[in-house]
Amino acid sequence: MALRPSGGFCCLGRVDLRGDLNGPTMQKLCVKPVEDENASSSSSSSSRQQQQHPTQSLSVELSSEMGKWSRDLSPLPKPLSSSDIHTSTKGSDVRVAYQGSPGSFSEIAALKAYPQSVTVPCEQFEVVFKAVELWVVDKAVLPIENTAGGSIHQNCDLLLSHRLHIVGEVQLPVNHCLLALPGVKKEALKRVLSHPQAFLQCETALDKLSIIRENTDDTAAAAKLVFSKNLIDAGAIASQRAAQMYGLNILEKGIQDSWSYLGLQFWPFMRQDCPYNVTRFLILAREPIIPRSDRPFKTSIVFTLEEGSGMLFKALAVFALRKINLTKIESRPQRNRPLRVVDDLNHGAAKYFDYLFHVDFEASMADPRAQNALSHLQEFVTFLRVLGSYPMDAYPL
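To keep things clear, this report deals only with the structure shown in the data block. (Residues numbered from 1 in each chain as written. Predicted model: local features only at pLDDT ≥ 70, side-chain atom pairs only at ≥ 80, totals over all residues. Heavy atoms only, no water.)

### Digging into the packing of aromatic side chains
No. 1: Per the stated rule, a full pass over the model turns up 3 aromatic pairs.
No. 2: Judged by centre distance (5.7 Å) and plane angle (25 degrees), the ring pair of F303 and F357 falls under stacked. One end of the pair, F303, is in strand 13 (residues 297–305); the other, F357, is in strand 17 (residues 355–361), with 54 residues separating them in the sequence.
No. 3: Judged by centre distance (5.0 Å) and plane angle (40 degrees), the ring pair of F319 and F361 falls under tilted. Note that F319 is positioned in helix 9 (residues 311–320) and F361 in strand 17, a separation of 42 residues in sequence.
No. 4: Through a chain of ring-to-ring contacts, the aromatic side chains of F303, Y355 and F357 assemble into a single cluster.
No. 5: The ring centre of W135 lies 3.6 Å from the NZ or CZ of R286, which sits over that ring. (Phe/Tyr/Trp six-rings, centres within 6.5 Å; stacked < 30°, edge-to-face > 60°. Helix = DSSP H or I, 4+ residues; strand = E, 2+ residues; numbered from the N terminus. Lys NZ or Arg CZ within 6 Å of the ring centre and 35° of its normal.)

In structure tokens, the structure reads:
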């Protein structure tokens, strides 16, 4: 069955051709799409701005100023937990959920997508999904992959276990900063706090410091903890925005690994002005947007394959035959059916991992090439779901 728009609508959902991945037999999900707000426009319906917290300038010695520090963190929103989600908040403001604390890179990505939005922090990725599903917020922004750290596998799995739709993407250059309390020098640090992904992206700088690493839930939470606990022996790896919000000094900017560290500075195809550390975020909503053909679109799908030699080659060939460029392909073992038993006449029964394949390709579902490619793909798959067809963010700024 081809996924074709009909009368201004597009069928974006599940197609279960054989098995059942999550319980009872899944039926095709056909929903009425709505136009999404412009994810790059500042003309949102809200006029409310995020509160800014300018960095305090303290130039005196730490010993004489320890007792004078005073910063009220009460205006900052408390991250939602699963017990906080009951009913949605009424109002005309676009509310965007993200995982982490105020000042995190996820919040920065949310504000890039919707500059006039009200951002809502959440404690966990699962809570972000539930906040959208239960109408607590309108949209969600979640990281999906990073050029240094790779894919966020937890969010790949959550996309499949929930029924939200991808309606956009945000590519955000990540500029990590080493932060500390005012008056603290880099040489005085004995430990540094941050998210494990931040540590992975700053290996070179951290190896030079030779200090203890302590994990936190997100980068902004590390900055908040250093300030709220007056940790004079600890630094934090977080954003410049987090330094402003929590009154910390920036000891060093741009400590993430660079192209030159990877030995790529002389590669002829490498642009030196291109940021090395970029995180790609997905924008999620309850309803899909109407695919268009007047601007570059990307489509994300997930599928499982029939057993047999060359099946993956045949599946990918449906895109190559129509000159559709693939931007991502990744396999994930199925959790509910991790092994596949195959009878081999020569060697008996064998057990293999059973995989889900996540694929992104550069085409809109309004494009007949994409519709025909997915129709062709269904000859080889046992399960197919379109996660979303959405505008590309081709220029990370």
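### Quick word on the pairing of strand 7 (residues 177–180)
No. 1: Residues of strand 7 alternate between two faces, with C177 and L179 on one and L178 and A180 on the opposite face, all of them buried.
No. 2: With 4 bridges joining them, strand 7 and strand 11 (residues 249–253) adopt antiparallel strand pairing. Note on strand 11: the bridge partner recorded for C177 is K253.
No. 3: Of the pairings in the sheet, the one linking strand 7 to strand 10 (residues 234–238) comprises 3 bridges and is antiparallel in character. Looking at strand 10, one finds that L178 is bridged to I237. (Buried < 20%, exposed > 50% of the residue type's maximum accessible area, 1.4 Å probe, protein only. Pairing = 2+ DSSP bridges.)

### Examining the packing of helix 9 against helix 10 (residues 368–377)
No. 1: One way to put it is that helix 9 packs onto helix 10 with a least axis distance of 9 Å and a crossing angle of 165 degrees. The pairing of helix 9 with helix 10 is recorded here as roughly antiparallel in orientation. The hand of the helix 9/helix 10 crossing is right-handed. Between helix 9 and helix 10, the residues in contact are A315, V318 and F319 and A373, L374, H376 and L377, respectively.
No. 2: Its residues assigned to classes, the contact of helix 9 with helix 10 shows 6 nonpolar, 1 polar and no charged. (Axes fitted to C-alpha atoms, helices over the stretch in contact; angles between N-to-C directions. Parallel < 35°, antiparallel > 145°, perpendicular 65-115°, else oblique. Left-handed = near helix turned anticlockwise from the far one by under 90°. Contact = heavy atoms within 4.5 Å. Nonpolar A, V, L, I, M, F, W, Y, C, P; charged D, E, K, R; others polar.)

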